[in-house]
Amino acid sequence: MRRERKFKREAVRPGVHRPKIIPRLYRLFHVLRDLLRQRRGHIQPGTFTAPWQWNVYGVIYGVCAGFFMYLPGPVLFNRWFKKSMSLAMSLGGIVTGIVGFFLNTMLVTGIQNMGWGKTRMVLGLVTMIVCFLLTLLFVRNSPEEAGMKPYGADAAGDASALGETTAEGAADPSAESGFPYQQVWKSPAFYLVLLYGFLVIILASFSQQVYSYADAMPIGVEAAAKIFAAMSIVSLAIGPVVGWLYDKIGGIAGNFVICALSTVGMLLIVIGNGSSRPLFYIGYGIFNLIMTSMTLGVPLLVKYVFGTRDYPKILSKVTLVLLISGGVANIIYAQLYDISGTYATFPVMVLILSAVAAAIVPLTSVLARRAHNN
């Protein structure tokens, strides 16, 4: 009984302090503290003996993992890079993917030799120590703390809060530009950005439904397995290309292009109607670009629309919407299946939402520009 009470107390902690910590991300202490709690949360399931513990753990761990996935990276990259920030973020994503690949291999080997419980505790402890030391030794809140300037600071030109560009390196707003945090809440553009972030997660969550969709259609589940195997390799090259694209044309145009291409890809899947493997492969390969919007497109849209004055605070609110969207995405797909009785409706819904997301981007820019001029 005492053990269960202790688990409840520790499980609630990470979620309670979240809204207060996110806007104050500039303090490295909070990142380290959340890192330790997240890693400890990875270790503790090795001792679980009841289903309710997994349910509570899933919610808490999801919030903490989402915090690291969506917020610290963009904020730190924004401070360290005035030029080629998007490319740097995409390269960081590649490192994450490669490390995850090797860790998954170690996880499988460990489970075979030691069992899942002990493996989870050992691997969680090792990653906690390594991540803590790397963060403590190499991560700094800003280049000024290390006596340096942001990369490309000398070459970067002045830009408006909407990220108007004249050349590469002039795409980033200056540190003093942008909307004050209090003013953002009065702008319709802010709520469109929230809606855009919500839709991006819903669209990206289609990847979790692909196996069920393919299995229910004539193309078969083998088609899904093949495209996922191919995308796991191709994605390593796509990330830097998309990052380079954002650096060249800006966060607003970049998000629009990615959403437009994803819409085209999903249109091909809808046309194929689960019967044409070539259309399914090509369509999903193009649609998969939307995955870059989760960790790259949305943060850049926030930056280019609202500037960098209160970027961490504004991005933190958008991040909360991303976390909520991730929690309800599967419910939306499940409800759609219950209503329609077929997986064939999934691509149709995704096609419509993708087109809506693409339309939101330029509209957001127009509304933010009007608010900025006023």
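Residues numbered from 1 in each chain as written. Predicted model: local features only at pLDDT ≥ 70, side-chain atom pairs only at ≥ 80, totals over all residues. Heavy atoms only, no water.

### Description of the environment of Ser212
Here is step 1: Along the polypeptide, Ser212 turns up in helix α10 (residues 210–216).
Here is step 2: Residue classification places Ser212 among the partly exposed positions, given a relative accessible area of 29%.
Here is step 3: In this structure, the C-alpha to C-alpha distance between Ser212 and Tyr343, residues 131 residues apart in sequence, is 7.4 Å. (Helix = DSSP H or I, 4+ residues; strand = E, 2+ residues; numbered from the N terminus. Buried < 20%, exposed > 50% of the residue type's maximum accessible area, 1.4 Å probe, protein only.)

### Some thoughts on the nonpolar core
Here is step 1: Ranked by size, the top nonpolar core spans 70 residues in total, and within it Tyr196, Phe206, Phe280, Tyr284, Phe287, Val302 and Phe306 carry the most contacts.
Here is step 2: Tallying contributions element by element places helix α9 (residues 188–204) first for this core, with twelve residues. (Core = buried A, V, L, I, M, F, W, Y, C linked by side-chain atoms within 4.5 Å.)

### A few points about the packing of helix α5 (residues 72–80) against helix α15 (residues 311–340)
To characterise two packed helices, one gives the angle between the axes of the helices and the distance between these axes.
Here is step 1: Running from N to C, α5 and α15 point in directions that differ by 155°, and their axes come no closer than 10 Å. Relative to α15, α5 is oriented roughly antiparallel. Regarding α5 and α15, the two cross each other, and that crossing is right-handed. When α5 is examined against α15, the residues Pro74, Val75, Asn78 and Arg79 are found in contact with a partner set consisting of Tyr311, Pro312 and Leu315.
Here is step 2: Split by residue class, the contact of α5 with α15 holds five nonpolar, one polar and one charged. (Axes fitted to C-alpha atoms, helices over the stretch in contact; angles between N-to-C directions. Parallel < 35°, antiparallel > 145°, perpendicular 65-115°, else oblique. Left-handed = near helix turned anticlockwise from the far one by under 90°. Contact = heavy atoms within 4.5 Å. Nonpolar A, V, L, I, M, F, W, Y, C, P; charged D, E, K, R; others polar.)

### Quick word on the pattern of salt bridges
Here is step 1: Within the structure shown, the criterion is met by two salt bridges.
Here is step 2: With a shortest N-O distance of 3.3 Å, Lys226 and Glu222 are connected by a salt bridge. Here Glu222 and Lys226 lie together in helix α11 (residues 221–249), a separation of four residues that amounts to about one turn.
Here is step 3: Under the relative-accessibility criterion, Glu222 is labelled partly exposed at 43%. (Salt bridge = Lys/Arg side-chain N within 4 Å of Asp/Glu carboxyl O.)

### Structural notes on the packing of aromatic side chains
Here is step 1: Scanning the model with the defined rule gives 18 aromatic pairs in all.
Here is step 2: Consider the rings of Trp185 and Phe190, whose centres lie 5.1 Å apart with planes at 65°: the pair is edge-to-face.
Here is step 3: Taking relative accessible area as the criterion, Trp185 reaches 36% and is therefore assigned partly exposed.
Here is step 4: Of the residues examined, Phe190 reaches a relative accessible area of 1% and is grouped as buried.
Here is step 5: Between Phe280 and Tyr281, the aromatic rings sit 6.1 Å apart at their centres with planes inclined by 55°, giving tilted as the arrangement.
Here is step 6: In this structure Tyr281 comes out as partly exposed when scored by relative accessible area, which is 25%.
Here is step 7: An aromatic cluster is built from Phe206, Tyr211, Tyr213, Phe228, Phe280, Tyr281, Tyr284 and Phe287, whose rings are joined through pairwise contacts. (Phe/Tyr/Trp six-rings, centres within 6.5 Å; stacked < 30°, edge-to-face > 60°.)

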